[in-house]
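Below are the chains, spelled out letter by letter.
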Amino acid sequence: MAPEASGLASRVVGALRQAAITGLIAFGLLLPLIGFNTVQNIRNELILETRWPLLAAMVAIIAGGRFLHALLIAPWLARRALRPRPEHAPRARLARWLVPFALGFAIVYPPLALSITGVQGAVKWIDNFGVQILIYVMLGWGLNIVVGLAGLLDLGYVAFYAVGAYSYALLANSFGLSFWILLPIAGCLAAFWGILLGFPVLRLRGDYLAIVTLAFGEIIRLILINWVSVTNGYAGVSGIPRPTFFGIPFNASDEGFAARFGLEFSPIYRTIFLYYVILALALITAAMTVRLRRLPIGRAWEALREDEIACRSLGINTTNTKLTAFAMGAMFAGFAGSFFAARQGFISPESFTFMESAVIVAIVVLGGMGSLIGVAIAAVIMIGGTEIMRELDFLKAIFGTNFDPTQYRMLLFGFAMVLIMVWRPRGLIATREPSTFLNARRALPSRAPQSEETQASLVRERHG
Amino acid sequence: MSVTSYDAAAAGARPSGSARPSNLAPVLRVEHLSMRFGGLVAINDFSFAARRGDITALIGPNGAGKTTVFNCITGFYKPSEGRIALQFGDPGVWEELSALTERGTRSVTRGDGMLFLLERMPDYLVAHRARVARTFQNIRLFQGMTVLENLLVAQHNSLMWASGFTVLGALGLRSYARAERSAIDKARYWLDRTGLTDRADDPAGELPYGGQRRLEIARAMCTDPVLLCLDEPAAGLNPNESADLGRYLHKIRDEHATSILLIEHDMTVVMEISDYIVVLDHGQKIADGTPDEIRNDPRVIAAYLGVEEEEVAERAIGTQ
Amino acid sequence: MEVFTQQLINGITLGSIYGLIAIGYTMVFGIIGMVNFAHGDVFMVSAFIALVTLLLVTTWLGIGSFVIALLIVLIVAMLFTSLVNWAIERVAYRPLRGSFRLAPLISAIGMSIFLSNFVQVAQGPRVKSIPPFFNEVIVLMSGNGYDVAVSYKQIVVWIVTAALLLVFWFVVTKTALGRAQRACEQDQKMAALLGIDVDRTVSITFVIAAALAAVAGTMYLMYYGVVSFADGFVPGVKAFTAAVLGGIGSLPGAVLGGLLIGLIETMWSAYFSTDYKDVAAFSILAITMIFLPQGILGRPDVEKV
C-alpha cells in the first residue's frame, strides 16, 4: 500500500505544480483585459474599472481544469492509448442507420414541429432552426467540393453566395423574373465568377490561395458597399419578390396559396414551402457530390488534395481540374444565395462578411473534410447551437439580465476551430468511403472481418 | 494490353544486361541540356540518347544533377538551354527534328510517328501527350485513396473522355460504365503484376514501403507510357525486393512498348538490369556505355571514389 | 507639392506601423512556413493592453511625463503581448506541426476569430478613444494656404520604430539566437540534429513577432487615439500584403513593403477616394500574389519535386 500511496501523493504534487504554472500563465494572459475594464464615465472619459473576482474565478477554473487534466484525464488517455483499439462495428452500424434516419427526420420535421408547438411556435422552429441550418448545410456541402474534395482552401466563398443573392435580388427587382427562372441564372453567374476569379489564382500554393480568395471576397463586398447606384450600398436591396408556389403567391388574397387550397391564411405555409425548397436544393448538392466523387473528375479532385505534383505527372491538367471544383462550389453558393435573398426579402453587404466565409469553412473543417455526414452534423451543431443560445433565457437568471449569450457565439466558434484542429485535424468524421472497390465491397461473409479492419484503418488519422 | 511484335520477339532472345544491337532508333534524345538556378549551374551542356526498348540508367554521385535532368525531361523544370526530343511510332519522324525546332511548335506527326520537344511542353502535357510517365524519389502516392483508386486516377484522361467530360457520366450512361470496367481491368492486370491485388481496397498509405514503390510504378504504367522515368526505384528496398524489382522492370521492358530511364544509386541493381548507362558528375556527362564499359571506366571510378588522377591511370592500366 | 509632401509624411508613419506588423508575418512564415492569420489580432490585443496600461499609468499612478509614460506603456505592452503570442503558439500551433498542410492556417483563423471576439466580450464592442494629448506640430513649409506639418507623434513613431528595428536587426543577424533561427528556416530536422532546440527557437520567434506587434499597437493607439476590437483584421491583411509585397521571408522586405503599402494607402486616399482605399490594398495583395509571388526582395521559389 505504501508505494501506491506515495505514488498518488507524488502525482498530486506534480499535478498541483502544473496547475500552479498554468494558473500563473493564465493570470498573466487575463490580467490586462479581464482584470481591467475600460469604460466611459458620465463625462465620456475613458476610465478603468477592476474585475478582480472575475479574474480570480477564471484563473481558478483554468488552473483547476489543468489540475484535473494532469491528475485524472492525462493518465486515463495514456492508459487508453495502450489498450488495443476497440471494434468499430458499432460505429459502422450507427453510420448505416444515421443517414436514412436523418433524411426521414428532415422530411417529417415541419409537420412534426407544427403538431408539437402549434402554428405560432412552429414558424420559429421551422425558420430559425430548419431553414437556417439547411442553408448552412447546403453552403457547407458546396464548399466541401472545393475544400474537402479538391483541398483548395477558399476563404472568400461568401462572395459567390453574395453574387447569387444580388443576382436574384437585382434581376427580380428590375425585370420581374420569377424565382424559378432566376435560380439557375444566379447559379450560373456565380459559377462564371468562380471561373473568372479562379483562373488567375488557382496555380498559387495552398496558403497563398487562401489569402487571395479572402482578398477577392473582401473586394466583392467592398464593391457591393461602394457601388451605390446599383447595389444601394450599405442600405441594401429590399422588396425582393418572395418565391411563389409555382405561380401561386403565399399571400392573403383570393389568388393566394391558402385560398386556392381552401386553407386558412397563415405565414406558416410559406415557411414550410421554403423549408422544402432548401431541403431539396441541399439534397441536390449532396447527390451531385456523391455522383461526382465516383466519376473521374471527383477522383481527380481528391487526388489533387492528396498530391498535386503526382497528379501532374499523370497527365492531369490541374488548373482545369481545380477550376471545375471552384466553379461547381461557386454554383451551389449561388443557388443558396438566391434562396437566401428570396427568403429574406432584403439583403445588404452585412450578410456577406469574411466572418460568414470563416463560419462556412469552419463547418467543413470541423465536420471532416470530404464527409457529407460530418459537414451536416457540424452545421447542425454550430448553427443550431447558436440559435439555441438565443433561447437560453435561464442563463440570465444566473449571470444577470445584461448577459447576452449570443455574443459568445463567435467566441465559441473560434475556440472550437482551434480545439478541433488540435484534437482531430481531420475533423469529426475522418472516414473516407472509397469511390470504388475491386472486390465488390467485400460483401462475402468470409471477408467481413477484414472489411471491418479496412474501415478501422481508414478512420486512422494520417499526417502529411 | 498492347505488346509490340518487336518486344515479344526480342524478349526471349535477350539476356539481361548484355550488349544489344545498336541500330535501334532512340526514343529520347537530350541535347546540350543546361539548367541554371540563379548562379548555380546544376546541369551543363549534357547530351545523351535512350534507345527504344532499352533500360537506360542515369548514375552519378550525390548532387550530380540526376533528378534535375528528370525534372527537365518530365516538364517540371524549364531547362535554361537545350533540346529534349521524344519520339514514338514510325521512327522516320526523327527526320523532322530540325524543322520542328525551327518552327517553334511542340510536336510533329508523320504517318503514325510522333515527335515531341518536351522542353516546350508543360508537365501535364509531357505525361498526357508525349506519354512520359515518372515516379518520384520520395514516393508520391495519393495516400488516403485506395490502391485501386490510385490506378484509376492514372487513367484520368481516357476516363474523362469516356465520361464525356463528366456530363455523360453524371447522367449515368452505359458507355462510361463500360469504360470504367475496362479501366478497372487494366488496374487489375497491374495489381496482379505487382502482387497487390489483395490490398486493392486499402489506402495506399498503409502499404509497406516496398509495396508503395511497386504501386507507384504500376500507377505510372497505367498511363501506357512510351518512356518510364524511375527516380531511385530501389531506394529503401532490401536485397530481395531489389532483385524482384529488377525482374519486374525486365518484364515491363520485354512485354510492353515501354522504354525505361532510371536513376539509381544501388550499383548492383544498375549493373544487373541496365542495357546502357550514362554517368553524370557535377552536371556534366563523364561517361556512357554498356555496364561492362562503365564498370571499368577510370573516370567513373574517380568520380565515385574521389581518387587522384594518377591513381586512376594506374588502376586503369592494372585492369587491362 | 505641399499635399504630396504631407501625404509622404503621413504615409511613412502609417507604413512604419504596417512594417512592424509585417515583420511578424514574415518571421513566422520564414521559420514554420505558416501564415499566422491571427497576427493582426495579436496587434489589436496589444493596442488594448497599451490602452489599459496608459490609463493605469496616467490616471492611477498620475505620471505626467509623456516620455516616461510612453516607455512604461511600451514595455508593459511588449511583455504581455509576448506572453499572449507565446501561449497561442504553444496551444494552437505547436501541436499541429507536421500535421496536414492547411491545419495550422485553419487553427490560426480560429484563433483570430477567438481573439477579436474575446476582446469584444471582455472590453465591449464600442470604439475606445483616449483624450487628445501631445498634439504639437512642426510646420515644415507652407504655400498656397496649406501647411505641411510633422506632428511630434509622427516623430515619436519614426524614432521608436527605427530604434527597435535596429535592436531587432542586431538580434537576428549577430546573435546565436538569430543563427538558430536562420538554421531552423533552412532545415528544421538538420537544425535539431545539430543541437538547436527547435521548439524554443520557434517560441522565441513568436515572442519577438509579438513584441514588434506590441510596438505597432502602442504607436497605433498613440497616433490615432482610438482602438476597437475589429481593428485587427484590416491592418492585419494590409501588413500581410506588405510582407508578401516585400518578399515573404525577407526582413528588410517586410519594412519596405510596409512603407510602400502605407504610402499607397495615403496617396490613394488623398488623390482618389477614401471609399476604395481598402479595395486598393486588397487588390495589391491579389496582384502581388498572382504576378510577383516572390515579392520585391524575396528569393524565387523553386518548386520541390
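Values in this document were obtained by computation on a predicted structure and should not be read as measured data.

(A) How the structure looks around the nonpolar core. L249(B) and F37(C) are the most contacted members of the largest nonpolar core, which has 284 residues in total. With 20 residues, helix 3 (residues 89–149) of chain A is the single largest residue contributor to this core. Among all residues touching L249(B), those that are not within four sequence positions of it are I55(B), I217(B), L230(B), I260(B), L262(B) and I273(B). Membership of the second largest hydrophobic core comes to 34 residues, among which are L33(B), A64(B), V69(B) and L118(B).

(B) Examining the confidence of the model for chain B more closely. Overall, the predicted model of chain B reaches an average pLDDT of 81, with 84% of residues at or above 70. Here residues 1–23 of chain B is modelled with pLDDT under 50, and outside its nearest four sequence neighbours on either side it reaches 39 contacts, counting other chains as well.

(C) Here's a closer look at the interface of chain C and chain A. Across the boundary between the two partners, chain C contributes 64 residues, which contact 61 residues of chain A. In total, chain C and chain A occlude about 5700 Å² of area from one another, counting both sides; carbon and sulfur atoms represent 76% of this. Of all residues in chain C, the largest losses of buried area upon contact with chain A belong to F100(C), I106(C) and I290(C), amounting jointly to 11% of the total for that side. Counting every contact that joins chain C to chain A gives zero salt bridges. Where chain C touches chain A, the interface holds six residue pairs in polar contact (both at pLDDT 80 or more). Where the side of chain C that touches chain A is concerned, the elements lending two or more residues are helix 2 (39–60), helix 3 (66–93), helix 4 (103–123), strand 1 (128–129), helix 9 (233–246) and helix 11 (277–291) of chain C. Top contributing element to the side of chain C that touches chain A by residue count: helix 4 of chain C, with 15 residues. By residue class, the composition of the side of chain C that touches chain A is 47 nonpolar, nine polar and eight charged.

(D) Quick look at the environment of I264(C). Looking at the secondary structure, you find I264(C) in helix 10 (residues 251–271). Here the alpha-carbon distance between I264(C) and V91(C), two residues 173 residues apart in the chain, equals 37 Å.

(E) Structural detail: the sheet that holds strand 10 (residues 276–281) of chain B. Residue and element names in this part refer to chain B. Reading across from one edge, 7-8-9-3-10-11 is the order of the six strands in this open sheet, with mixed pairing throughout. Among the strands making up the open sheet, the edge pair consists of strand 7 (132–134) and strand 11 (284–289). Ignoring which end each strand starts from, the neighbouring axes of this sheet average 20° apart. Examined bridge by bridge, strand 10 and strand 11 share five bridges and lie antiparallel to one another. Opposite D281, over in strand 11, you have Q284 as the bridge partner. Contacts from helix 9 (residues 209–221) reach strand 7 and strand 8 (227–231) within the one sheet, and its direction differs from that of strand 8 by about 160°.

(F) Summary view of the domain arrangement of chain B. Residues and elements named next belong to chain B. For chain B, the assigned domains are domain 1 (26–131 + 225–318) and domain 2 (139–224). Each side of the interface is counted separately: domain 1 has 21 residues, and domain 2 has 15 residues. Together, the buried faces of domain 1 and domain 2 total about 1400 Å²; carbon and sulfur atoms form 64% of this surface. Considering only the surface of domain 1 that becomes buried against domain 2, P225, Y248 and H256 emerge as the three largest contributors, covering 39% of it. Counting across the domain 1 and domain 2 interface gives one salt bridge. Where domain 1 meets domain 2, there are five residue pairs in polar contact (both at pLDDT 80 or more). Of all the elements in the fold, those that place two or more residues in the side of domain 1 that touches domain 2 are strand 8 and helix 10 (239–255). At seven residues, the largest contribution of residues to the side of domain 1 that touches domain 2 is made by helix 10.

So, how was this worked out
- Residues numbered from 1 in each chain as written.
- Chains lettered and ligands numbered in written order.
- Predicted model: local features only at pLDDT ≥ 70, side-chain atom pairs only at ≥ 80, totals over all residues.
- Heavy atoms only, no water.
- Core = buried A, V, L, I, M, F, W, Y, C linked by side-chain atoms within 4.5 Å.
- Buried < 20%, exposed > 50% of the residue type's maximum accessible area, 1.4 Å probe, protein only.
- Helix = DSSP H or I, 4+ residues; strand = E, 2+ residues; numbered from the N terminus.
- Contact = heavy atoms within 4.5 Å.
- pLDDT = per-residue confidence, 0-100.
- Buried area = accessible area lost by both parts, 1.4 Å probe.
- Salt bridge = Lys/Arg side-chain N within 4 Å of Asp/Glu carboxyl O.
- Polar contact = N/O pair within 3.5 Å; in protein donor to acceptor, adjacent residues only side chain to side chain.
- Nonpolar A, V, L, I, M, F, W, Y, C, P; charged D, E, K, R; others polar.
- Pairing = 2+ DSSP bridges.
- Axes fitted to C-alpha atoms, helices over the stretch in contact; angles between N-to-C directions.
- Domains from an automatic or database assignment.

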